[in-house]
Amino acid sequence: MHTSVIIPAAGFGERMGSAIGKQFLSIDNVPIIIRTIACFQRSRLVDEIIIVTREDSFALLEELISSFALSKVRPLVKGGARRQDSVALGLRTVPDVQDGIVCVHDAVRPFILDATITQVIEAAGHFGAAIAAVKAKDTIKQSGSDGRVQQTLDRSTLWNVQTPQAFRTSILREAYAQAERSGRTATDDSFLVESIGIAPVIVESSYDNIKITTPDDLLLGQLLAPRYPL
Ligand code: CTP
Ligand code: MG
């Protein structure tokens, strides 16, 4: 099995509001994106890592990759306007190998367990598609446009979805080709795969696997970092 990991890292981090992209902010002196890449560098199942980022970040990132000796990283790929475009651009550089797997993971989720990476990739190998998720902790209700509750959803069936998400390469290529043809947009890759009639398997992950999105996530990140040494 050959596994390529695509790490979309071309966002502006508008909700973080920092001067530099949030993926380059440091937690305990290590840039978030380096913490994330290191998790995949360590995984025995990962063969290569494709980072998609903005061209004005290439020089900084290349320097960091070489100083942290992240040898699985391939030449950097220029990102697009939306996350979906960035992943599509990364996908174009994934080699066509038989039984290849592509795993997609947000640059800004640095606290990922090795077991989760392994389980998601192995499940994608067996079932074609797999996603990391945690059980919903809160009760979730659906509202109407009038702001009133329409229904209370059954919590035992609800999951908060994360990355990594892994797929047989042929499946993810088909999902992206279809999305391009139909103009479909999605905030995660799984939705595009679901749209071509494939139901990804859910792999139960950890609540530590947060997406660093707003300044309060950085505070939480400071608390989590000691549990995830480089
Ligand atoms: N991303 C990307 N290309 C884009 C937009 C986002 O590669 N055009 C990446 C981000 O860099 C991040 C991941 O997708 O690693 C998840 O996106 P998000 O958390 O939304 O990051 P940003 O888009 O940077 O943040 P914001 O939405 O607050 O601007
Ligand atoms: Mg965004």
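A brief look at the structure comes next. (Residues numbered from 1 in each chain as written. Chains lettered and ligands numbered in written order. Predicted model: local features only at pLDDT ≥ 70, side-chain atom pairs only at ≥ 80, totals over all residues. Heavy atoms only, no water.)

Brief notes about the overall build of the protein chain
- Scanning the protein chain for helices and strands turns up 7 helices and 11 strands.
- Taking 230 residues into account, the globule formula puts the C-alpha radius of gyration at 17 Å, and the protein chain, at 17 Å, falls close to it.
- Seen through its C-alpha atoms, the protein chain measures out along the principal axes to roughly 55 × 45 × 30 Å.
- Put simply, the protein chain has 230 residues, and 50% of those count as buried.
- Counted over contacts in the protein chain with a minimum sequence separation of 6, partners at least 24 positions apart contribute 74%.
- Taken as a whole, the protein chain presents about 11,500 Å² of accessible surface, with 50% of it coming from carbon and sulfur.
- For the protein chain, the distance from the average position of its 24 positive side-chain charges to the average position of its 26 negative side-chain charges is 3 Å. (Helix = DSSP H or I, 4+ residues; strand = E, 2+ residues; numbered from the N terminus. Rg over C-alpha atoms; globule rule 2.2 N^0.38 Å. Buried < 20%, exposed > 50% of the residue type's maximum accessible area, 1.4 Å probe, protein only. Contact = heavy atoms within 4.5 Å. Areas by Shrake-Rupley, 256 points an atom, 1.4 Å probe, with all protein chains shown as cover. Lys, Arg positive; Asp, Glu negative; His and termini not counted. Charge placed at Lys NZ, Arg CZ, Asp CG, Glu CD.)

A look at the nonpolar core
- In this structure, Ile7, Ile33, Ile37, Phe40, Ile49, Ile51 and Val73 are the most contacted members of the largest nonpolar core, which totals 35 residues.
- A per-element tally of this core places helix α1 (residues 32–42) first, with 6 residues.
- In contact with Ile37, not counting residues within four places along its chain, are Ile7, Ile49, Ile51, Leu70 and Val73.
- Grouped together as the second largest cluster of nonpolar side chains are 20 residues, Ile6, Val104, Phe167 and Leu172 included. (Core = buried A, V, L, I, M, F, W, Y, C linked by side-chain atoms within 4.5 Å.)

Describing the sheet that holds strand β11 (residues 201–204)
- Read across the sheet, 7 strands follow the order β5-β4-β1-β6-β10-β7-β11 without closing on themselves; strand pairing throughout is mixed. Each having just a single partner strand, β5 (77–78) and β11 make up the two edges of the open sheet.
- Packed onto the sheet, helix α3 (residues 83–91) meets β1 (3–9), β4 (48–53), β5, β6 (101–104) and β10 (159–168) and runs at close to 145° relative to β1.
- The sheet contacts of helix α5 (residues 169–182) involve β6 and β10, and relative to β10 the element is tilted by about 110°. (Pairing = 2+ DSSP bridges. Axes fitted to C-alpha atoms, helices over the stretch in contact; angles between N-to-C directions.)

Section: helix α2 (residues 58–67)
- Those residues of α2 lying buried are Phe58, Leu61, Leu64 and Ile65. One face of α2 carries all of its buried residues, which in axial projection span an arc of 135°. Of the residues in α2, the exposed ones pointing more than 90 degrees away from the buried face are Ala59, Glu63, Ser66 and Ser67.
- On its buried face, α2 is in contact with β3 (30–31), α1, β4 and β5.
- Ala69 occupies a position one or two residues after α2 and carries a positive phi of about 55°. (Arc of directions from axis to C-beta.)

Description of the state of the cysteines
- Per the stated rule, a full pass over the model turns up 0 disulfides.
- In this model Cys39 remains outside any disulfide bridge; the closest cysteine sulfur is found in Cys103, 11 Å from its own.
- The class for Cys103 is buried, based on a relative accessible area of 0%. (Disulfide = S-S within 2.5 Å.)

Observations concerning the site of ligand 1
- Taken together, 19 residues lie around ligand 1, and Pro8, Gly13, Glu14, Ser86 and Lys211 are the ones closest in.
- Within the backbone of Ala9, a nitrogen or oxygen atom sits 3.2 Å from an oxygen atom of ligand 1.
- In isolation ligand 1 has 560 Å² of accessible area, and contact with the protein removes 88% of it.
- The set of elements that each furnish at least two residues to the shell around ligand 1 consists of β1 and α3. (Near = heavy atom within 4 Å. Polar contact = N/O pair within 3.5 Å; in protein donor to acceptor, adjacent residues only side chain to side chain.)

The analysis is restricted to geometry; functional conclusions fall outside its scope.
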